[in-house]
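# Residue-level structural notes
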Amino acid sequence: MRRVTRRRPFSSRRPVTRLIAAWVATRALTLWLLALNSRPLLGSGGVAREVWGLYRHWYGVLADGGFPVHDPLWQYPPGAGPVLLSPGLLPGLTYFRAFVVLALAADALITAALLRAGTAPARSLRGAAYWICGLPLLLHLPLARYDVQVTALAVLALLALTRSTRACGALAALGALVKVWPVLVLLGVPKGRAARSAWLWAGATGAAALTVLSLGFTHPLGFLRNQGGRGVQIESLGGTLLSLASHAGWPGTVRYRYGAMEFTGPYVSLVADASLALTAAGLGLLLLWRARARHRTPATPYDAALSAVLLFTVTSRVISPQYLIWLLGLSAVCLTSRHTSQRPVAALVAAASAVSSVIYPVCYDQVMAGTWPGTALLLLRNALLLTAAAVSYGRLWRATRPAPRLPAPQRPALTAAVS
């Protein structure tokens, strides 16, 4: 007897079609904003200058077989080299146009992965909708940074966890070689065999990739020297405190150092050391959660990854606007699961992204000058991120603690009358 297979009704495919149309419309808008990059409200060309100026210069150095370790702006792990060289794979396009095409391709890959995850049983398309509508909150910035490519590796690593811990570990390792933070997605992998497999494959993949990069390029670890010399960026949480202190008479100044606007003056090194101490404390909290977690849901690895990256973001000496791309991607992965505890956190991240685009590029001159409007914008954005980190960790802790045991019902004592 011939088996009759039922096709999915057309109405169930309609949301996916609408989301794809929304992606096309929003990305067309983003490209239009990129074309108007030279307008004052869009940064006067500063957003795109990172690609055709700095990245294009590094491309020439990398093409000669070496990392630009003598450039103090080079602060990235060796995996960033192949990403910055990849626009050369598209002949007939300028470096800038090829870079934008590849950023859009990575964005489309994330969207496709979220759509596929959202159409699985017991999953949700909210994650795909969140990513499609959330990324344009950062205006045209995502197309002029390679953080979308890094986020793609982290998103794919998390979504691959249910099918293959090996793939999860390998993708996380590749992401960590490009920008260190994707290794944090492994913190939520279930204990035991799954964790051993993921970390083993992460270590093996990272070692193999680093060996290949060491054979192809000179000084692959030279970025560590420049990274260690960084100070307190004006957009960081510590930078916000120093900006407030400047209105109270603190005599510090803002200088361009290591590719960012940083504070210099008394107590800056103390604030930088405090940031590093808070980062260590954040790691301690995450390890404490992992040791105490007993109850797990399908969304626990996703929620843990978002919480970890949020904690490391708010305690960092640097909070660049492109960091919000990471948080948007991880929030979208959380929302693909109906069991996630991070829905309020995703809303806070979206709000912080909207404020961040006002800080940079719209009002960045006010932020650099330390005016009250610029300081207020920084205070609002960082307060949203700090609240998101606290809420995220608290909800993760409560969602994974064991349910309280109810006392066993007591049987009524049987009394017998013996006559």
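In case you missed it, the structure is sitting above this.
Bear in mind that the values here come from a model prediction, so they are computed numbers and not experimental data.

### Describing helix 6 (residues 147–160)
Its 14 residues place the ends of helix 6 20 Å apart at the C-alpha level, agreeing with the 20 Å of an ideal helix rising 1.5 Å per residue. Within helix 6, 12 of the 14 residues are buried, which leaves it mostly tucked inside the rest of the structure. When helix 6 is considered as a whole, its buried residues turn out to be D147, V148, Q149, V150, T151, A152, A154, V155, A157, L158, L159 and A160. Looking at the packing, one finds that the buried side of helix 6 touches helix 3 (80–85), helix 4 (95–118), helix 5 (126–134), helix 7 (165–178), helix 12 (300–314) and helix 13 (323–335).

### Remarks on a positive patch on the surface
The grouping of R126, R338, R343, R395, R398 and R401 at the surface amounts to a positive patch. In this structure, R338 sits in the loop between helix 13 and helix 14 (343–362). Residue classification places R338 among the partly exposed residues on the basis of a relative accessible area of 48%.

### So, unusual backbone geometry
Cis peptide bonds are those with omega within 30 degrees of zero, and the linkage from Y360 to P361 qualifies with 15°. Residues other than glycine seldom take positive phi values, yet H219 does so here, at roughly 55°. By the secondary structure assignment, H219 is in the loop between helix 8 (193–216) and helix 9 (223–228).

### Examining the nonpolar core
Formed by 110 residues in total, the largest nonpolar core has its most connected members in Y55, L114, Y146 and V185. Apart from the residues within four sequence positions on either side, Y146 is in contact with Y55, Y76, A80, V83, L84, F99, V178 and K179. Formed by 6 residues, the second largest nonpolar core is a distinct cluster that contains A48, A103, L104 and L143.

### Here we look at the pairing of strand 2 (residues 253–257)
Sheet topology note: the strand 2/strand 3 (residues 260–264) ladder contains 5 bridges and is antiparallel. Bridging across to strand 3, V254 finds its partner in F263. The antiparallel hairpin formed by strand 2 and strand 3 contains 2 residues in its connecting segment, where Y258 sits at a positive phi of about 55°.

### Considering the environment of L137
Looking at where L137 falls in the secondary structure, it is placed in the loop between helix 5 and helix 6. In this structure L137 comes out as partly exposed when scored by relative accessible area, which is 30%. Along the backbone, L137 and A304 are 167 residues apart, and their C-alpha atoms lie at a distance of 24 Å. Leave out the neighbours within four places in its chain, and L137 touches A350, S353, A354 and S357.

### Observations regarding the packing of aromatic side chains
Within a pair of aromatic rings, the relevant descriptors are the distance that separates the centres and the angle that separates the planes. Per the stated rule, a full pass over the model turns up 16 aromatic pairs. Ring centres of Y55 and F99 lie 5.4 Å apart, and the angle between their planes is 50°; this geometry places the pair in the tilted category. Pair noted here: Y55 is in helix 2 (residues 46–63) and F99 is in helix 4, with a separation of 44 residues, a long-range link. As far as the burial class goes, Y55 and F99 line up, both buried. Taken together, the aromatic side chains of Y55, W58, Y59, F67, W74, Y76, Y95, F99, Y146 and F217 make up a single cluster linked through ring pairs. The cationic tip of K179 hangs over the ring face of Y146; the distance from NZ or CZ to the ring centre is 5.0 Å.

### Remarks on the side chain of D107
With respect to the secondary-structure elements, D107 resides in helix 4. Within the local environment of D107, its side chain forms a polar contact with the side chain of R27, the two groups lying 2.5 Å apart.

### Overview of the pattern of salt bridges
All chains considered together, the criterion is met by 5 salt bridges. With a closest N to O distance of 3.9 Å, R145 and E50 form a salt bridge. Of the two residues, R145 sits in the loop between helix 5 and helix 6 while E50 sits in helix 2, which places them 95 residues apart along the sequence.

### Comments concerning the pairing of strand 3
Extensive coverage of strand 3 is indicated by the burial of 5 of its 5 residues. One ladder, built from 2 bridges, connects strand 1 (residues 232–233) with strand 3; its direction is antiparallel. Note that in strand 3 the partner of Q233 across the bridge is E262.

Rules behind the numbers
Residues numbered from 1 in each chain as written. Predicted model: local features only at pLDDT ≥ 70, side-chain atom pairs only at ≥ 80, totals over all residues. Heavy atoms only, no water. Helix = DSSP H or I, 4+ residues; strand = E, 2+ residues; numbered from the N terminus. Expected span 1.5 Å × (residues − 1). Buried < 20%, exposed > 50% of the residue type's maximum accessible area, 1.4 Å probe, protein only. Contact = heavy atoms within 4.5 Å. Patch = residues over 30% accessible without salt bridge, like charges linked within 9 Å, V, L, I, M, F, W, Y side chains within 5 Å. Areas by Shrake-Rupley, 256 points an atom, 1.4 Å probe, with all protein chains shown as cover. Salt bridge = Lys/Arg side-chain N within 4 Å of Asp/Glu carboxyl O. Lys, Arg positive; Asp, Glu negative; His and termini not counted. Charge placed at Lys NZ, Arg CZ, Asp CG, Glu CD. Core = buried A, V, L, I, M, F, W, Y, C linked by side-chain atoms within 4.5 Å. Pairing = 2+ DSSP bridges. Phe/Tyr/Trp six-rings, centres within 6.5 Å; stacked < 30°, edge-to-face > 60°. Lys NZ or Arg CZ within 6 Å of the ring centre and 35° of its normal. Polar contact = N/O pair within 3.5 Å; in protein donor to acceptor, adjacent residues only side chain to side chain.

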